[in-house]
Amino acid sequence: MTNYLSMSKEELGAEFAAVMAEFEALKGANLSLDMSRGKPGADQLDLVDNLYSFVGPDKGFKSETGVDCRNYGGLDGLTEMKKLFGKVLDVNPDNIICGNNASLNLMFDAITQGMVTGFGDEPWLKQGKIKFLCPAPGYDRHFGICEYYGIEMITVGYTENGPDMDAIEELIKDPAVKGMWCVPKYSNPLGLTYSDETVKRIAALKPAAKDFRIFWDNAYVIHDLYSETDNLLNIFDECKKCGSEDMVLEFTSTSKITYPGAGIAAVAASDFNIKLLKSRMTVQTIGPNKLNQLAHSRMFPTYEALLGQMKKHGDILRPKFEACLDQFEEALGGKGIASWTKPMGGYFISMEVLDGCAKRVGELCKEVGLIITTPGATFPYGKDPKDSNLRIAPSFPSVDELALAAKVLCVAVKLAALEKLSK
Ligand code: PLP
């Protein structure tokens with residue numbers, strides 16, 4: 001393994017020619033590969049193809065408490081679904097609202113509520129310029145919501161323990177800072193879980209804005225790849241110790257447990273926030289799709305049943321992650337031009353390439369027929385200040401396709417680095 005950074009001009013030239021030959025050969029193979037989005041593979045979706053057999057004339061349509069799920073009503077969801085999410089999030093079911101198919105929708109609605117009617121203070125829309133803290137690299141759709149509403153995004157970096165808390169503790173002294181995005185477990189795209197210390201410091205924040213809200217997007221709460229798992233402290237337990245429960249709205253969904261787009265989403269919050277959210281929802285809807293909630297709660301009558309399902313997902317995903325990681329190690333290990341995360345769960349691997357090379361890697365991949373997440377998308381406004389982060393989504397392609405896709409990616413990373421180093 002020769003480190004590119006210590007190669008002579010001649011050695012770099014020879015390596016360039018060799019990698020270019022690999023690149024041309026791959027180009028000739030007419031590939032069509034996609035590692036761009038964190039979608040479950042068809043084999044994962046197959047796991048729940050009997051989901052809708054749990055409702056129907058033979059099984060009945062009544063919930064545990066006798067609610068006829070075919071009819072209107074039940075604003076905050078079925079009792080059994082709230083109990084199940086209560087176990088998943090370790091929160092009192094009374095502090096949970098189960099909605100429809102997408103947590104992103106719940107997050108969008110909550111931000112809209114902040115803008116239009118506020119969180120116990122003036123509506124954000126009437127408060128002039130407002131700002132959100134955006135730990136990055138992060139989830140592009142969070143940033144999309146802020147951009148949609150013209151909320152100024154402040155990029156915050158990461159340490160190995162989670163978002164840079166020193167920076168956050170300073171930034172929240174500005175009363176215009178009204179919120180922060182967090183993906184606390186197996187974060188998108190770093191695959192990192194916040195340390196106990198980080199969760200405690202977040203719970204202890206004393207923002208200048210009293211309507212400051214943390215959007216705690218626990219999308220990957222039980223999405224482990226290994227039996228040994230990352231442990232995340234319960235944010236509400238920590239908030240209780242600091243009297244800051246109203247600061248957090250927690251979100252999750254079954255998108256990557258059953259069907260994305262046809263699952264159940266949930267929000268957990270303090271009594272005060274649940275009341276606020278419900279005051280808006282009462283106007284917005286007569287109730288969620290309870291038949292879907294009934295099907296889900298019958299398919300997973302216990303938390304243990306749900307964890308059993310997650311083990312099956314893990315068994316499918318693990319070889320896919322490992323196919324990528326093995327290829328990265330083999331092709332890029334020791335070269336000094338890339339580093340990557342080795343997550344214990346979630347849906348993504350994050351790679352850092354040489355500064356100024358990420359976009360070029362995206363272009364080179366495209367030339368060979370591999371689509372990766374648009375470089376930059378993991379940062380506010382789609383702009384990676386160092387142009388060095390790549391998000392890799394190994395869930396959708398097959399293991400064989402992934403091994404090939406990872407190979408293409410590595411060749412592109414090497415070529416982009418050699419172009420930079422040869423200048
Ligand atoms: N939150 C994060 C961090 C995600 O990575 C994703 C999907 O990739 C979502 C939310 C979307 O969740 P949902 O399908 O519940 O809207």
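The structure this text deals with has already been given above.
Throughout, residues of each chain are indexed from 1 in the direction in which the sequence is written. With the structure being a predicted model, the display of local features is reserved for residues of pLDDT at least 70 and the display and counting of side-chain atom pairs for 80 or more, all residues being used for whole-chain, interface and lining totals. Each side-chain value is derived from all of the structure's non-hydrogen atoms; neither hydrogens nor water enter the calculation.

**Q** What is the right way to read a negative patch on the surface from this model?
**A** Together, Glu-322, Asp-326, Glu-329 and Glu-330 give the surface a local cluster of negative charge. Tracing the chain through its elements places Asp-326 in helix 11 (residues 303-332). Think of it in three bands: with a 1.4 Å probe and only protein chains considered, a residue is buried below 20% of the maximum accessible area for its type, exposed above 50%, and partly exposed in between. Asp-326 sits in the exposed class, given a relative accessible area of 52%. For patches, a residue must show more than 30% relative accessible area and have no salt bridge; joins then use 9 Å for like charges and 5 Å for nonpolar side chains, namely Val, Leu, Ile, Met, Phe, Trp and Tyr. Exposure was quantified through the Shrake-Rupley algorithm and a 1.4 Å probe, taking into account, for residues, occlusion by the shown protein chains and nothing else. By definition, a salt bridge exists where a carboxyl oxygen of Asp or Glu is found within 4 Å of a side-chain nitrogen of Lys or Arg. Working convention for charge: Lys and Arg count positive, Asp and Glu count negative, and His plus the chain ends are omitted. Here the site of a charge means NZ on Lys, CZ on Arg, CG on Asp, or CD on Glu. Only DSSP runs of H or I reaching four residues or more are called helices, and only runs of E reaching two or more are called strands; each is numbered from the N terminus.

**Q** Please explain the packing of helix 1 (residues 9-27) against helix 13 (residues 399-422) as it appears in this structure.
**A** How two helices sit against one another is set out by the angle between their axes and by the gap between those axes. Angles run from 0 to 180 degrees between N-to-C directions of axes, and those axes are lines fitted to C-alpha atoms, restricted for helices to the stretch in contact. For the pair helix 1 and helix 13, the least separation of the axes is 9 Å and the interaxial angle reads 145°. The two elements helix 1 and helix 13 cross, and the hand of that crossing is left-handed. Residue-level contacts link Lys-9, Leu-12, Glu-15, Phe-16, Val-19, Met-20, Glu-22, Phe-23 and Leu-26 of helix 1 to Val-408, Val-411, Lys-414, Leu-415, Leu-418, Glu-419, Leu-421 and Ser-422 of helix 13. Split into classes, the residues belonging to the contact of helix 1 with helix 13 amount to eleven nonpolar, one polar and five charged. Working rule for handedness: look at the near helix, and if it is turned counterclockwise from the far one by less than a right angle, call the crossing left-handed; if clockwise, right-handed. Only heavy atoms matter for contacts: two residues are in contact if any of them lie within 4.5 Å across the pair. Charged means Asp, Glu, Lys or Arg here, nonpolar means Ala, Val, Leu, Ile, Met, Phe, Trp, Tyr, Cys or Pro, and polar covers whatever is left, Gly included.

**Q** Would you mind going over the pattern of salt bridges with me for this structure?
**A** Between side chains of opposite charge, a pair can form when the charged atoms approach closely. Throughout the structure, instances matching the rule amount to 22 salt bridges. Salt-bridge contacts for Lys-210 lead to Asp-121; the nearest nitrogen and oxygen are separated by 3.5 Å. With a gap of 89 residues between them, Lys-210 in the loop between helix 7 (196-203) and strand 8 (213-217) and Asp-121 in the loop between helix 4 (103-116) and strand 3 (131-135) connect regions that are remote in the sequence. Under the relative-accessibility criterion, Lys-210 is labelled exposed at 65%. What makes Asp-121 partly exposed here is its relative accessible area of 29%. Between Asp-166 and Arg-201 there is a salt bridge, with the nearest N and O atoms lying 2.6 Å from each other. Note that Asp-166 is positioned in helix 6 (residues 165-171) and Arg-201 in helix 7, a separation of 35 residues in sequence. Assessed through its relative accessible area of 24%, Arg-201 is described here as partly exposed. One continuous salt-bridge network, built from bridges that share partners, spans Asp-76, Lys-82 and Lys-278.

**Q** Looking at this model, I keep getting lost on the side chain of Glu-238. Mind explaining?
**A** Relative to the helices and strands, Glu-238 is located in helix 8 (residues 235-242). For the purposes of these results, a polar contact is taken to be a pair of N or O atoms within 3.5 Å, where, inside protein, one atom must be able to donate a hydrogen and its partner to accept one; residues adjacent in sequence count only when each atom of the pair is a side-chain atom. A polar side-chain atom of Glu-238 sits 3.0 Å from a polar atom in the side chain of Lys-241. What Glu-238 contacts, discounting residues up to four positions off in sequence, is Val-199, Lys-200, Ala-203 and Leu-233.

**Q** Would you mind going over the site of the ligand with me for this structure?
**A** We call a residue near a molecule or strand as soon as one heavy atom of that residue lies within 4 Å of the molecule or strand. Inspection of the region around the ligand gives Ala-102, Ser-103, Leu-104, Tyr-139, Val-183, Asn-188, Asp-217, Ala-219, Tyr-220, Ser-253, Ser-255 and Lys-256 as its neighbouring residues. Contact with the protein chains covers 89% of the free accessible surface of the ligand, which is 400 Å². Looking at the shell around the ligand residue by residue, the classes come out as six nonpolar, four polar and two charged.

**Q** What exactly am I supposed to notice about the packing of aromatic side chains here?
**A** Within a pair of aromatic rings, the relevant descriptors are the distance that separates the centres and the angle that separates the planes. The criterion for an aromatic pair is that two Phe, Tyr or Trp rings (for Trp, the six-membered ring) have centres within 6.5 Å, with stacked assigned to planes under 30 degrees apart, edge-to-face to planes over 60 apart and tilted to the rest. A complete count under the given rule lists 14 aromatic pairs for this structure. Ring geometry for Phe-132 against Trp-181: centres 6.0 Å apart, planes inclined by 50°, an arrangement best described as tilted. Taken together, the residues Phe-132 in strand 3 and Trp-181 in strand 7 (residues 177-182) connect sequence positions 49 residues apart. For the ring pair Tyr-220 and Tyr-347, a centre distance of 5.7 Å and an interplane angle of 25° mean the geometry is stacked. Taken as a pair, Tyr-220 in the loop between strand 8 and helix 8 and Tyr-347 in the loop between strand 11 (338-340) and strand 12 (349-353) lie far apart in primary sequence, 127 residues in all.

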